[in-house]
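Listed here are the chains, written in short residue letters.
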Amino acid sequence: MIELSVAGMTCASCVRHVEKALASVDGVQSASVNLATERAQVRAPMTMDTALLTRAVEHAGYEAQLVSNPQQSSNADTIRRDAERQTLKRDLLLAAILALPVFILEMGSHVVPAFHHLIAQTIGMQTSWYIQFVLTTAVLAGPGRRFFVKGIPALIRLTPDMNSLVAVGTTAAYLYSLVATFAPHWLPAGTVNVYYEAAAVIVALVLLGRYLEARAKGNTSEAISRLAGLRAKTARVRRDGQIVEVAIEDVIVGDMIELRPGERIPVDGEVTEGSSFVDESMISGEPMPVEKMPGASVVAGTVNQNGLLTLQATGVGADTVLSQIIRMVEQAQGAKLPIQTMVDRITMWFVPVVMLIAVITFVIWMVFGPQPALGFALVNAVAVLIIACPCAMGLATPTSIMVGTGRAAQLGILFRQGEALQTLMDVRVVAVDKTGTLTRGYPELFDLTVAQGFERKDVLALVASAESRSEHPIARAIVSAAQQEGLTLAPAEAFESLTGLGLKAQVNQRNILIGSDRLMQQQNLDTDVFASLATRLADEGKTPLYVAIDGELAALVTVADRVRDTTPDAIAALHQQGLKVVMVSGDNQRTAQALARELKIDEVVAEVMPNAKADTVRQLQKTHGPVAFVGDGINDAPALAVADVGIAIGSGTDIAMESADVVLMSGDLANVSRAIALSRATMRNIRQNLFWAFAYNAALIPVAAGVLFPFNGVLLSPIFAAGAMALSSVFVVTNALRLRRFAA
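Residues numbered from 1 in each chain as written. Predicted model: local features only at pLDDT ≥ 70, side-chain atom pairs only at ≥ 80, totals over all residues. Heavy atoms only, no water.

- The protein chain carries the name P-type Cu(2+) transporter in an unreviewed UniProt entry, which gives Advenella kashmirensis W13003 as its organism.
- One UniProt comment on the protein chain, placed under Catalytic activity (unreviewed entry), says "Cu(2+)(in) + ATP + H2O = Cu(2+)(out) + ADP + phosphate + H(+)".
- Looking at the Sequence similarities (unreviewed entry) heading of the UniProt record, one finds this comment for the protein chain: "Belongs to the cation transport ATPase (P-type) (TC 3.A.3) family. Type IB subfamily." (UniProt positions renumbered as here; feature names shortened; annotations may be inferred.)

So this is what it looks like as structure tokens:
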């Protein structure tokens, strides 16, 4: 994927023109442009000459730069937008100062008869027109120049945009007024009027709308700015036996870094000396500080609280967790949701259709309108051109996405795929992996019952020795229990993991087999001696495992993974949202059902082999509809990929997170319901914006054309049209900003 920063876009039509220009380049498979982020994502071979892409955008009338370093590019975009905002502010003030006298001279004469007489008796109406001509010319040539520089070339290329509408509308009003002022004999009798105030005030109002919009759009990227602000600027590094302070860019993997209380951690690392508590709330969303001891990992952007720490850098620059989070948020903010496809199709034809409506309006008023027909035709055609607002349509979806995904990041919810923001809204079932998701992910040994002829300590030592070769959480629980009892472990040989069943190994020349009742049955071992005990313990939510030594059933071991404290409330929250919760587990049916009863889970799919989890998700999709799968392990990756929305617990493995659409930075399952609630709130916000953008145009374009005039004599002044157009974009962005206050 090639990413470009595109400057100069002002409306949805601009987006379509840039996408069309990029798609026309040989080798480009697809191009997606986001108006709110001003970024273009181009799917093309990485070997493509990016100069072809930038030239294509420039030929379309815009500016483009390759985004090679996201951090530097983001900083450059911020600087450019700040400069653009200052320029808009300057031009707005200048336009307002110049347009105000024009408005007073012309509209004051129409509204207040005494003022009209005052002008006529002092400077005279012709002189008033000369003054308006000078001031309006200054407005159009100065602050309004931007509309002509961009709008007229776009019109010539037959790719008109919002600038074209403003340029054509103000030019029509200005040229008509110019003829009325200096060559009135060219106009029919009774049509000699000036509309300088329309041209001047339209420019001022459109600039006002763009300035307010630019300010509001600046607030939509607040989440990225806050995340970027977490980066430390320097670090104290051990170099040649000395502690030196270096720029963060100069820190390399392996450097030893010293950290004082209250300092922000500059890089990802592993604690080598000292102990402290670290505030990780801005990364994980968890408010409680986390204790860090030697061997613990820390991430850049978090804050060391009360102790001295020495850490070894393991991730720097773009490889830190913080940088990856920022990259995920940027990618999600730049995404196009499926709902945007409809908007794109409409906006592609919007400006040409508006110009056609303006022409039709002009002709109808010229033919059927009252006298002075030419004046009425001009005013209404200009009103149609000015009131039409593709800006609001173009901003309706991306601004909501930007604010919604930004707010999600602040809550510790990362949308890796922007499309998940829409898909999550339609989910009917939440399928949840048990271990590490519903539970803490750290099983503990609860029971060890030996068969007649075996000693407990001997069996535990043999089992722990065999399990020491395994990385499975149950294995770690058994090994930990043996170590706590002070038992000595022997090396395990001929170790073999039996996926979904257990394991076998040789310890001190003895054959050890550990696993489920299915494994024992495969080996023709009778488990009836432990049957009633295993049933009772399974009903308590514990996982029974059988141990065979040298082909003889030796013991029943039970382990249990404690439920997370937040899990019951999280399940209840999902039920309140009308969702069905399904637990998917490799545990036996009794153990899984016991946990499901405790947590009030709707359905259990137990004894699922790791490679069958994806099939389970497919079956749930057929039965219930869209499914979100929540997991944290490597064996969850296929299910995460198959689900309509894959949600990975951030404390899980990198592979699981890479397969997921949404990443929860903390292990709190409550964030699943928050993510769904935020998805629904964002899509509701998008629908509100689209309704406003389309309803506004559908209602006011006919009014601007004069459809109400035959009934009640109402016409819409181009000045009011310009004001309404400016406010429509501001309304859309302001409505999107309400998502910053989302709480669930």
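**With respect to the overall build of the protein chain**
Stage number 1. What the protein chain contains, in helices and strands, is 28 helices and 26 strands.
Stage number 2. Relative to the globule expectation of 27 Å for 744 residues, the C-alpha radius of gyration of the protein chain, 34 Å, shows a markedly less compact shape.
Stage number 3. The C-alpha extent of the protein chain, read off along each of the three principal axes, is 120 × 65 × 50 Å.
Stage number 4. Carbon and sulfur atoms form 56% of the exposed surface of the protein chain, whose accessible area is close to 32,300 Å².
Stage number 5. Side-chain charges of the protein chain comprise 59 positive and 68 negative groups, with the mean position of each set lying 8 Å from the other. (Helix = DSSP H or I, 4+ residues; strand = E, 2+ residues; numbered from the N terminus. Rg over C-alpha atoms; globule rule 2.2 N^0.38 Å. Areas by Shrake-Rupley, 256 points an atom, 1.4 Å probe, with all protein chains shown as cover. Lys, Arg positive; Asp, Glu negative; His and termini not counted. Charge placed at Lys NZ, Arg CZ, Asp CG, Glu CD.)

**Some details on the UniProt feature "transmembrane region" (unreviewed entry) in the protein chain**
Stage number 1. With numbering aligned to this structure, UniProt lists the feature "transmembrane region" (unreviewed entry) at residues 92–115, 127–144, 165–187, 193–212, 346–368, 374–397, 690–709 and 715–737.
Stage number 2. Helix and strand shares over residues 193–212 are 85% and 0% respectively, and the end C-alpha atoms of the span are 33 Å apart.

**Overview of helix 21 (residues 567–576)**
Stage number 1. What helix 21 keeps buried is the set T567, A570, I571 and L574. The arc that holds the buried residues of helix 21, viewed along the axis, is 100 degrees, so those residues lie on one side. Turned more than 90 degrees from where helix 21 packs its buried face, D569 and Q576 sit exposed.
Stage number 2. Positive backbone phi, at 80 degrees, marks G578, one or two positions downstream of helix 21. (Buried < 20%, exposed > 50% of the residue type's maximum accessible area, 1.4 Å probe, protein only. Arc of directions from axis to C-beta.)

**A short note on the packing of aromatic side chains**
Stage number 1. Inspection of every chain in the model, using the stated rule, returns 9 aromatic pairs.
Stage number 2. Between F133 and Y174 the ring centres are 6.4 Å apart and the planes differ by 20 degrees, which places this aromatic pair in the stacked class. Taken together, the positions of F133 in helix 5 (residues 125–141) and Y174 in helix 7 (residues 162–182) put the pair 41 residues apart, joining distant regions of the chain.
Stage number 3. A residue is classified by how much of its surface remains accessible, and Y174, at 14% relative accessible area, is buried. (Phe/Tyr/Trp six-rings, centres within 6.5 Å; stacked < 30°, edge-to-face > 60°.)

**Some details on helix 6 (residues 145–156)**
Stage number 1. Between the first and last C-alpha of helix 6 there are 17 Å, a value that for 12 residues agrees with the 16 Å anticipated at 1.5 Å per step.
Stage number 2. For helix 6, the complete set of buried residues consists of F147, G151 and A154. Buried residues of helix 6, seen end-on, are gathered within an arc of 65 degrees and therefore sit on one face of the element. Turned more than 90 degrees off the buried face of helix 6, the exposed positions are R145 and I156.
Stage number 3. Count one or two residues on from helix 6 and you reach L158, which has phi positive near 65 degrees. (Expected span 1.5 Å × (residues − 1).)

**Focus on the UniProt feature "domain: HMA" (unreviewed entry) in the protein chain**
Stage number 1. UniProt annotation of "domain: HMA" (unreviewed entry) refers to residues 1–65 when read in the numbering used here.
Stage number 2. Summarising residues 1–65: 34% helix, 29% strand, and an end-to-end C-alpha distance of 15 Å.

**Some words on the sheet that holds strand 4 (residues 63–66)**
Stage number 1. Across the sheet, which stays open at both edges, the 4 strands sit in the order 2-3-1-4 with antiparallel pairing between neighbours. The two strands at the open ends of the sheet, each matched to only one other strand, are strand 2 (30–34) and strand 4. Along the sheet, successive strands turn relative to each other by an average axial angle of 25 degrees, direction set aside.
Stage number 2. Across 4 bridges, the pairing between strand 1 (residues 2–7) and strand 3 (residues 39–43) is antiparallel. Note that in strand 3 the partner of S5 across the bridge is R39.
Stage number 3. Lying over the sheet, helix 1 (residues 12–23) contacts strand 1, strand 2 and strand 3, oriented at roughly 155 degrees with respect to strand 2. (Pairing = 2+ DSSP bridges. Axes fitted to C-alpha atoms, helices over the stretch in contact; angles between N-to-C directions. Contact = heavy atoms within 4.5 Å.)

**Considering a nonpolar patch on the surface**
Stage number 1. Where nonpolar side chains cluster on the molecular surface, the patch consists of L356, V359, I360, V363, I364, M366, V367 and F368 and spans about 770 Å² of accessible area.
Stage number 2. Take F368: it is sitting in helix 12 (residues 339–368).
Stage number 3. Of the residues examined, F368 reaches a relative accessible area of 67% and is grouped as exposed. (Patch = residues over 30% accessible without salt bridge, like charges linked within 9 Å, V, L, I, M, F, W, Y side chains within 5 Å. Salt bridge = Lys/Arg side-chain N within 4 Å of Asp/Glu carboxyl O.)

**Quick look at the environment of D250**
Stage number 1. Of note, D250 is situated in the loop between strand 6 (242–247) and strand 7 (256–259).
Stage number 2. The exposure class assigned to D250 is partly exposed, which follows from its relative accessible area of 45%.
Stage number 3. Considering only alpha carbons, one finds D250 and R740, 490 residues apart in sequence, at a separation of 35 Å.
Stage number 4. Setting aside anything within four residues of it in sequence, one finds D250 in contact with R239 and D255.

**Brief notes about the nonpolar core**
Across soluble globular proteins, nonpolar side chains show a tendency to be buried alongside one another.
Stage number 1. Membership of the largest hydrophobic core comes to 142 residues, with the highest contact counts inside it found for M9, L22, L53, L424, V430, I647 and V672.
Stage number 2. Here the element with the most residues in this core is helix 26 (residues 670–705); it accounts for 16 residues.
Stage number 3. Not counting residues within four places of it along the chain, the set of residues in contact with L22 comprises L4, V28, A31, V33, A40, V42, L53 and V57. (Core = buried A, V, L, I, M, F, W, Y, C linked by side-chain atoms within 4.5 Å.)

**A short note on the packing of helix 20 (residues 531–539) against helix 22 (residues 589–599)**
For any two helices packed against each other, the geometry comes down to the angle between their axes and how far apart the axes lie.
Stage number 1. For the pair helix 20 and helix 22, interaxial distance at closest approach is 7 Å and the crossing angle is 30 degrees. On the basis of the axis angle, helix 20 is roughly parallel to helix 22. Note on element contacts: helix 22 touches helix 20 through R590, T591, A594 and R597, opposite T535, A538 and D539. (Parallel < 35°, antiparallel > 145°, perpendicular 65-115°, else oblique.)

**Structural notes on the packing of helix 17 (residues 456–467) against helix 18 (residues 473–484)**
Stage number 1. Direction vectors running N to C along helix 17 and helix 18 enclose 135 degrees, while the axes themselves pass 9 Å from each other. Regarding the angle of helix 17 to helix 18, the classification is oblique. Crossing geometry of helix 17 relative to helix 18 is assigned as left-handed. Only A475, I478, V479 and A482 of helix 18 make contact with helix 17, whose side of the interface consists of L460, V463, A464 and E467.
Stage number 2. Here the contact of helix 17 with helix 18 is composed, by residue class, of 7 nonpolar, no polar and 1 charged. (Left-handed = near helix turned anticlockwise from the far one by under 90°. Nonpolar A, V, L, I, M, F, W, Y, C, P; charged D, E, K, R; others polar.)

**Quick notes on the side chain of K292**
Stage number 1. Summarising the element assignment, K292 is placed in strand 10 (residues 290–292).
Stage number 2. The class of K292 is buried, set by a relative accessible area of 7%.
Stage number 3. A polar contact is formed between the side chain of K292 and the backbone oxygen of S297, at a distance of 2.9 Å.
Stage number 4. The contacts of K292, once residues within four sequence positions are left out, are V271, G274, S275, S276, V278, E280, S297, V298 and L309. (Polar contact = N/O pair within 3.5 Å; in protein donor to acceptor, adjacent residues only side chain to side chain.)

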